[in-house]
Structures are given as C-alpha cells and as structure tokens.
Amino acid sequence: MIRILLLLLLATGHMFSQTISGRVYDENKKPMQGVSVYLDGTTIGTSTDETGKYDLSIRNTVNTMLVIRFIGYETMIIENPFKDNNAVIYMTPKATSLDEIVIAKDPFTREQKLAVFREQFLGKTKAGKTCKILNENEIDFEYDYKTNTLIASSNVPLEIENLYLGYRIEFEMLDFYVKFYKKSIKSADVMSSLFLGTTRYADANISEKTDKNRGVAYFGSQMHFFKNLSQNVWGGKNFLLFNGSYQDNPDHFFSITQEGSLKKITVTKNTQTNGYIANTGSKFIATFNLLYNKKKQSKVDFLIQEFYVDEFGNSTEADKIQFGGDLGKKRLGDMLPMDFVPKN
C-alpha cells in the first residue's frame, strides 16, 4: 500500500490540549462562512463561522497538515498548523474551463475501469469490498496507451461510506494511477499503483461490531508497526523482524531518540548494499521481512535513513518507506484516522 500524506516534521513538541485557530477570507477580503477546515487524515475538523473564524481543539499532537476547502475555490494547505497558528487565509477561486472532448477508440469500458479503480483505491479486503463510493459518476478516467497507465481524477471530493469500519470519508483526490505490465485493464496485470489526496473522517453507524472491526484493522497495520517500532516493542503477538530469512534483533538496526513529541528513528545499519526495488529503480537503505502474530508476512523497504513517528504511529517520509506482502495489500478501505487510538 502506498499512502502518501505529505507529513512534515513538527518543529516543537505539544503534549497538552491546544487550539488551532485562524480566519478565512475570499478574494475580496470578505469573511467566508461554512468553509471546511480539518486536520488531514483525521476525525478532527470544523467549519468557519460568519466571521470566517475557525477553532480546532486538539488533545494530542498528530503529525499532519491543516486543510481548508470550499466548493469553487482552490484547496489551501497549512503544512505545519501547530507552528503557524492564528493563520489568515485568503481563498483563491478555481479557474473555470470547459473540458476538452476527445473522441478516441477505447477497448476498455467505464465499468472495467471502475472495477480496477475500486480494487486499487479501496482494496480487495473485506473492509475494501464493503466500502461504497457514493459519487462514482464524478470520477473521470484516461488510459495512456504509451505507458499502459490508467489515470483517474475528480473535480470534487469523493464521498465514501465504509460500513465495515463505521466511517464516512471525504477524499479529495490529488493523483491516482495504475500501471500495467501490458496493454490491459485486468487486476492480474497490475504492476504498481498510487493514490494521493487529503482525507477527512467522520464517525457513522458506530456499533460494537464496527469497534471490533476497527481493532482488527489497527493491529498488524502500518500504523501499529510504526508505533511499536518507535516504542521498541517486538515479539510475542507483535511484529518480529527478519534480516533475510533469519530473525534478528531490531536494536542492531534502529536507533530511537525523543525529539519533542516525536520519536526520531535512525536506520543504523544497512542490510543490503546497492539494493534496488523491483520495477521502480529506487535504491533502498535497508530491507527487512516482518512477521506479525506469527502468521502475517510482510516486507518493508527503507529508502531513507532518518524519519519521525508521532504518538499515534504516523510516520513522516511515508513515501520513502514502502511495504509489500500483507501490509502492502491494504488500501483506503482498511485505513483508520491518523488520530485513532485502539481500545485494547
């Protein structure tokens, strides 16, 4: 799974409750009411009042960015909201243009494209298959026959109902593509895929069952892995680290230090030299095999030597830490909010 959230290092640590505030104005410097303001990838969000003011009360620092979004205007992003508090935002209207109509012979139907889009975006797990995109008609597709790549876009946020985990999700898609080994639209021929965007979560249909499902989704997830790594928790029903085919001591490979509210992780020893990830040309610093709960196998490639993890288990430099195996299969349908805390 590739989940790129454009996380940035927080300059200072904030361990206690705090409020992020600001004001939003239009291009004529008039206050804008009803603007959506949220911390990306979390359940923490609000709307501006009649004076354009917003206030977000936050109990614990989560390592993400602030998103300001309103229909008809360019989405604004504050990369470090905990540092740039009391911001004054001036929204910019979106440029309006007519989409160019291109008539070309296309052997793939829209339903075929939607099918592979759902698989690569929502996932093929039970959670992914349970998700429903409520406004699929807003998705536009293009197939690049030179590179065998399916590209998807949307002018409005996708509205997703995740019945398995009990969330209503708004996903503003910034980029999406699926690359195939050959001129194909079949999932069996997928070489790689990527989706980028901002995400807002809201609780919906909460029940004892969805609470249980959330726990199942969390334990053994990437978030769980990074949290355990930052706290140096291994073994038992948690993760085991393998250097090649042999179980090894994580202390040989990782150095962990506290910096503010974040844990700094340093990969201290390379397991391979001149290693490259297949089909990408990306050189990795270290690669390990993982075993969770003695049954779920994964692989992790570190393309960077230093990164940071917040108290929830969210990592910076997420695009430079890549997973395969069980952890690589998870998509949006299995993702939890970045401020999620398991009950046990």
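Residues numbered from 1 in each chain as written. Predicted model: local features only at pLDDT ≥ 70, side-chain atom pairs only at ≥ 80, totals over all residues. Heavy atoms only, no water.

> Explain the overall build of the chain here, please?
Looking only at helices and strands, the chain features four helices and 23 strands. Looking at the chain as a whole, 48% of its 344 residues qualify as buried. Element-wise, carbon and sulfur atoms account for 48% of the exposed surface of the chain, whose accessible area totals about 17,600 Å². (Helix = DSSP H or I, 4+ residues; strand = E, 2+ residues; numbered from the N terminus. Buried < 20%, exposed > 50% of the residue type's maximum accessible area, 1.4 Å probe, protein only. Areas by Shrake-Rupley, 256 points an atom, 1.4 Å probe, with all protein chains shown as cover.)

> What exactly am I supposed to notice about a positive patch on the surface here?
Together, Lys237, Lys294, Lys295 and Lys296 give the surface a local cluster of positive charge. Relative to the helices and strands, Lys237 resides in the loop between helix 4 (222-231) and strand 14 (239-243). (Patch = residues over 30% accessible without salt bridge, like charges linked within 9 Å, V, L, I, M, F, W, Y side chains within 5 Å. Salt bridge = Lys/Arg side-chain N within 4 Å of Asp/Glu carboxyl O. Lys, Arg positive; Asp, Glu negative; His and termini not counted. Charge placed at Lys NZ, Arg CZ, Asp CG, Glu CD.)

> Teacher, can you tell me more about unusual backbone geometry here?
Residues other than glycine predominantly adopt negative phi, and peptide bonds predominantly adopt the trans conformation. Within the chain, Asn232 stands out as a residue other than glycine whose phi angle is a positive 55°. Tracing the backbone through its elements, the reader meets Asn232 in the loop between helix 4 and strand 14. Classification of Asn232 by relative accessible area gives partly exposed; the value is 39%. One non-glycine residue, Asn293, lies in positive phi territory at about 55°.

> Just checking my understanding: could you explain the pattern of salt bridges for this structure?
Here the idea is simple: oppositely charged side chains can pair when their charged atoms come close. Following the criterion strictly, the structure yields 14 salt bridges and no others. Residue Arg168 pairs with Glu159 through a salt bridge whose shortest N-O separation is 3.6 Å. For Asp203, the salt bridge is made with Arg214, and the minimal N-O distance between the two is 3.0 Å. Placement of Asp203 in strand 13 (residues 190-203) and of Arg214 in helix 3 (residues 208-218) is noted, with a sequence separation of eleven residues between them. For Asp203, a relative accessible area of 47% translates into the label partly exposed.

> I'm lost on the pairing of strand 17 (residues 262-267) in this one. Help?
Side chains on a regular strand alternate between the two faces of the sheet. Of all six residues in strand 17, five are buried; the element is thus mostly enclosed. In this structure, strand 16 (residues 254-259) lies alongside strand 17, joined through six bridges in antiparallel fashion. Its bridge partner lying in strand 17, Ser255 is registered against Thr266. Between strand 16 and strand 17, which pair antiparallel one after the other, the connecting turn spans two residues, and Gly260 there sits at a positive phi close to 65°. (Pairing = 2+ DSSP bridges.)

> I would appreciate a short explanation of the sheet that holds strand 17 in the present structure.
Within a sheet, each strand pairs with its neighbour through backbone hydrogen bonds, oriented either parallel or antiparallel. Read across the sheet, three strands follow the order 16-17-22 without closing on themselves; strand pairing throughout is antiparallel. Strands with a single pairing partner mark the edges of an open sheet, and in this sheet they are strand 16 and strand 22 (306-309). Within this sheet the neighbouring strands show an average axis-to-axis angle of 25°, counted without direction. Contacting strand 16, strand 17 and strand 22, helix 4 runs over the sheet at an angle of about 105° to strand 22. (Axes fitted to C-alpha atoms, helices over the stretch in contact; angles between N-to-C directions. Contact = heavy atoms within 4.5 Å.)

> Help me understand the sheet that holds strand 15 (residues 246-247), please; the structure alone is not making it clear to me.
Here five strands make up an open sheet; going across it, the order is 15-14-20-21-23 and the pairing antiparallel. For this open sheet the edge positions go to strand 15 and strand 23 (321-325), each flanked by a neighbour on one side alone. Relative to strand 20 (residues 286-292), strand 14 runs antiparallel, the two sharing four bridges. Each bridged residue has a counterpart across the sheet, and for Phe242 the counterpart in strand 20 is Asn289. Sheet strands touched by helix 4: strand 14, strand 20 and strand 23. Its angle to strand 23, the strand with the most contacts, is close to 120°.

> Before we go on, may I ask you to explain helix 1 (residues 110-122) in this structure?
An α-helical turn contains 3.6 residues, so a residue and the one three or four places further along point in the same direction. The terminal C-alpha atoms of helix 1 lie 17 Å apart, and with 13 residues this matches the ideal 18 Å at 1.5 Å per residue to within 8%. For helix 1, every residue scored as buried is listed here: Lys113, Leu114, Val116, Phe117, Gln120, Phe121 and Leu122. Following helix 1 by one or two positions, Gly123 has its phi on the positive side, about 105°. (Expected span 1.5 Å × (residues − 1).)

> I'm lost on the nonpolar core in this one. Help?
Across soluble globular proteins, nonpolar side chains have a tendency to be buried as a group. Ranked by internal contacts, the top residues of the largest apolar core, which has 36 residues, are Phe117, Phe121, Ile160 and Leu332. The element best represented in this core is strand 12 (residues 167-180), accounting for seven residues. When near neighbours in sequence (up to four residues on either side) are disregarded, Phe117 contacts Leu122, Ile133, Ile139, Phe141, Ala152, Leu158, Met173 and Phe176. (Core = buried A, V, L, I, M, F, W, Y, C linked by side-chain atoms within 4.5 Å.)

> Help me understand the packing of aromatic side chains, please; the structure alone is not making it clear to me.
In this description, a pair of aromatic rings is defined by centroid distance and the angle of the planes. Under the defined criterion, the tally for this structure stands at 27 aromatic pairs. Ring geometry for Phe253 against Phe288: centres 5.1 Å apart, planes inclined by 65°, an arrangement best described as edge-to-face. Of the two residues, Phe253 sits in the loop between strand 15 and strand 16 while Phe288 sits in strand 20, which places them 35 residues apart along the sequence. For Phe253, a relative accessible area of 2% translates into the label buried. Residue Phe288 is classed as buried on the basis of its relative accessible area, which comes to 1%. Members of the aromatic cluster, each reached through a chain of ring pairs, are Phe225, Phe226, Trp234, Phe239, Phe253, Phe254, Phe288, Tyr292, Phe302, Phe307 and Phe323. When the ring centre of Tyr177 is taken as reference, the NZ or CZ atom of Lys179 above it lies at 5.4 Å. (Phe/Tyr/Trp six-rings, centres within 6.5 Å; stacked < 30°, edge-to-face > 60°. Lys NZ or Arg CZ within 6 Å of the ring centre and 35° of its normal.)

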